[in-house]
Amino acid sequence: MTTPLVAGLAVGAAAYGARTALQAFQAWKTAGPRMRQFYKGGFQSEMTRREAALILGVRESAPEEKVKEAHRRIMIANHPDAGGSSFIAAKVNEAKDMLLGKKRGGSSIF
């Protein structure tokens, strides 16, 4: 008497598990590639330490070595001599100067 009940519950649990797995697979298949999220939005009129850290992809309290490495990596990809934007290069340089303490505020020429 209880055997058909247990078998029915097992079939129901297997069907529910298969449905959940199929839904998860469908969501994964349509999700697309996972890429790093970058800062969305324009530049502020006066660069802050927060904005400089967002541009370079480091923390505001990052050590000098990390700031220089992030600056180097971004400048290799965006240098004007290699087809990059001079505006972006200027902003990256300004961000590096801001985080290293070589520039205390001020606005960009752009």
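Residues numbered from 1 in each chain as written. Predicted model: local features only at pLDDT ≥ 70, side-chain atom pairs only at ≥ 80, totals over all residues. Heavy atoms only, no water.

Help me out: how do you make sense of the pattern of salt bridges in this one?
Between side chains of opposite charge, a pair can form as their charged atoms come close. In this structure the tally under the stated criterion is two salt bridges. Lys 68 is paired through a salt bridge with Glu 64; the nearest N and O atoms lie 2.9 Å apart. Of this pair, Lys 68 and Glu 64 both sit in helix 3 (residues 64-78), separated by four residues, roughly a single helical turn. On the basis of relative accessibility, which here comes to 42%, the residue Lys 68 falls in the partly exposed class. On the basis of relative accessibility, which here comes to 46%, the residue Glu 64 falls in the partly exposed class. Between Lys 91 and Glu 94 there is a salt bridge whose closest N-O contact spans 3.7 Å. Placement of the pair is Lys 91 and Glu 94 together in helix 4 (residues 86-100), with a separation of three residues, close to one helical turn. Its relative accessible area of 3% is what places Lys 91 among the buried residues. (Salt bridge = Lys/Arg side-chain N within 4 Å of Asp/Glu carboxyl O. Helix = DSSP H or I, 4+ residues; strand = E, 2+ residues; numbered from the N terminus. Buried < 20%, exposed > 50% of the residue type's maximum accessible area, 1.4 Å probe, protein only.)

Before we go on, may I ask you to explain the packing of aromatic side chains in this structure?
Each aromatic ring pair is characterised by the separation of its centres together with the angle its planes make. Scanning all chains against the criterion turns up two aromatic pairs. With a centroid separation of 6.0 Å and 35° between ring planes, the pair formed by Phe 25 and Trp 28 is classed as tilted. Of this pair, Phe 25 and Trp 28 both sit in helix 1 (residues 2-31), three residues apart, which is roughly one turn of that helix. Relative accessible area serves as the criterion here: at 60%, Trp 28 is assigned to the exposed category. Seen from their ring centres, Phe 43 and Phe 87 are 5.4 Å apart, and the 70° between their planes marks the pair as edge-to-face. Linking Phe 43 in the loop between helix 1 and helix 2 (49-56) with Phe 87 in helix 4, this pair joins segments that are 44 residues apart in sequence. (Phe/Tyr/Trp six-rings, centres within 6.5 Å; stacked < 30°, edge-to-face > 60°.)

What is the right way to read helix 2 from this model?
Because each turn of an α-helix spans 3.6 residues, side chains separated by three or four positions end up pointing in the same direction. Of the positions making up helix 2, those classed as buried are Glu 51, Ala 52, Ala 53, Ile 55 and Leu 56. Tucked inside the fold, the buried residues of helix 2 contact helix 3 and helix 4. The positive-phi residue at the C-terminal boundary of helix 2 is Gly 57, with phi of around 75°. (Contact = heavy atoms within 4.5 Å.)

Limitation: the analysis is restricted to geometry and does not speak to function.
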